[in-house]
Amino acid sequence: MTTVPSASQWGSPTANRRALLIHGLDSSSHTFHRVASTLATKGYLVIAPNLLGHALRNTGVDFKVQTLADDLLPYLQAAEYDIVIGHSMGALVVLSLLKYLPKAKHTSVVLIDPSLEIAAERMVDWKVKLSDHSRTNLTAEDYMVLNPLWTREDAIWRVLGTQIGRSTNSDDHIDGNVPWSFSHLIADKPAAAALTVLIEDLRFNGALKLETVAKFKDIRAVIVPNASHWIQYEFPEVIVEEALRNIEE
């Protein structure tokens, strides 16, 4: 018997359209609460799994992104999805699942600010930054001060995501994916799938560089003005719009 990982769900189980939403590092399924709610109102059954090592789930056999992806295979084996969305490390999980998507079905894939390539020297600083953040125990009020576009609900879900995950998640997943290089997985995209990459405002100097995405054909790259890495909190409507655009085109 196949075990289906824990997940949050929005919308009617009888909906004839489905969306799969995958959260990132030190987060949980509810990071997508606004995106999921909107898609549900548009007639989608939305499933948002919790990754291994997150939301009180045990870890896998290792901390590779592919292991996180393989854990979610029961969802793709049980149903076909019209929309697949991933944020940050969750977007890398989506890339690792591209090879399992239906070859003929038109699937809308949206990657939210994924760190596709990070050089070894930058990884050292990134690891320190993420480790420090996970141990700081910021409150909802702290997050709202640091991120003025967030609602209180966004901040609460962010706090919860860090508190119900493992304190060493960032270290473990960084150490378990050396080198940090995932852009080659774009080649696994089925011809019938449409792939959009959303990028935070370039003024914030995030990990994802436009030139990393621009070199790929048939990939739509969208820079979201004024958005940080947490586009699902700040501009959820952009994510929904881009996901539906791929369905309608």
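Residues numbered from 1 in each chain as written. Predicted model: local features only at pLDDT ≥ 70, side-chain atom pairs only at ≥ 80, totals over all residues. Heavy atoms only, no water.

1. A look at the layout of surface pockets
Its volume calculated, the largest pocket comes out at about 950 Å³. Surrounding the largest pocket, 35 residues form its lining, Trp 126, Lys 129, Leu 130, His 229 and Trp 230 being those nearest its centre. Broken down by secondary-structure element, the contributors of at least two residues to the lining of the largest pocket are α4 (89-97), α5 (120-136) and α6 (140-146). Grouping the constituent residues of the lining of the largest pocket by class yields 16 nonpolar, 11 polar and 8 charged. Taken as a whole, the second largest pocket encloses approximately 190 Å³ of empty space. If you go around the second largest pocket, the residues you meet are Lys 64, Val 65, Gln 66, Ser 96, Gly 176, Asn 177, Val 178, Pro 179, Ser 181, Phe 182, His 184 and Leu 185. Class assignment of the residues belonging to the lining of the second largest pocket gives a composition of 5 nonpolar, 6 polar and 1 charged. (1 Å grid on protein atoms, 1.4 Å probe; cavity = no way out; pocket = protein on both sides within 12 Å on 5 of 7 lines; lining within 4 Å. Points joined across faces, edges and corners; volume = space filled by probe spheres on them. Helix = DSSP H or I, 4+ residues; strand = E, 2+ residues; numbered from the N terminus. Nonpolar A, V, L, I, M, F, W, Y, C, P; charged D, E, K, R; others polar.)

2. With respect to the nonpolar core
Among the nonpolar cores identified, the biggest contains 44 residues, and Val 93 and Leu 95 are the most heavily contacted of them. Contributions of two or more residues to this core are made by β2 (17-22), β3 (44-49), α2 (65-71), α3 (73-78), α4, β5 (108-112) and β8 (194-200). If you tally residues by element for this core, the top one is α4, at 7 residues. Those residues in contact with Val 93, other than ones at most four positions away along the chain, are Ile 22, Leu 51, Val 65, Leu 68, Ala 69 and Leu 72. Of all hydrophobic cores here, the second largest spans 25 residues; its members include Trp 10, Val 35, Ala 48 and Val 222. (Core = buried A, V, L, I, M, F, W, Y, C linked by side-chain atoms within 4.5 Å. Buried < 20%, exposed > 50% of the residue type's maximum accessible area, 1.4 Å probe, protein only. Contact = heavy atoms within 4.5 Å.)

3. A closer look at the sheet that holds strand β9 (residues 219-224)
In space, the 7 strands of this open sheet follow the order β1-β3-β2-β4-β5-β8-β9, with mixed pairing throughout. Each edge of the open sheet carries a strand with a single partner, namely β1 (7-10) and β9. Ignoring strand direction, the axes of neighbouring strands in this sheet form an average angle of 15 degrees. Note: β2 against β3, 4 bridges, orientation parallel. (Pairing = 2+ DSSP bridges. Axes fitted to C-alpha atoms, helices over the stretch in contact; angles between N-to-C directions.)

4. Observations regarding empty space enclosed by the protein
A full pass over the atoms with the stated rule returns 1 cavity of 30 Å³ or more. Size it by volume and the largest cavity reaches roughly 40 Å³. Taken together, His 133, Ser 134, Asn 137, Leu 138, Tyr 143, Thr 162 and Gln 163 make up the lining of the largest cavity. Only α5 and α7 (152-163) provide two or more residues apiece to the lining of the largest cavity. Taken together, the residues that form the lining of the largest cavity break down as 2 nonpolar, 5 polar and no charged.

5. Looking at the pattern of salt bridges
Opposite charge on two side chains permits pairing when their charged atoms draw close. According to the stated counting rule, one finds 10 salt bridges in the structure shown. Close ionic contact of Asp 175 with Lys 127 constitutes a salt bridge, the shortest N to O distance being 2.8 Å. Note that Asp 175 is positioned in helix α8 (residues 169-175) and Lys 127 in helix α5, a separation of 48 residues in sequence. Its salt-bridge partner being Glu 141, residue Arg 152 comes within 2.7 Å of it at the nearest N-O pair. Separated by 11 residues along the polypeptide, Arg 152 in helix α7 and Glu 141 in helix α6 bring together distant segments of the chain. (Salt bridge = Lys/Arg side-chain N within 4 Å of Asp/Glu carboxyl O.)

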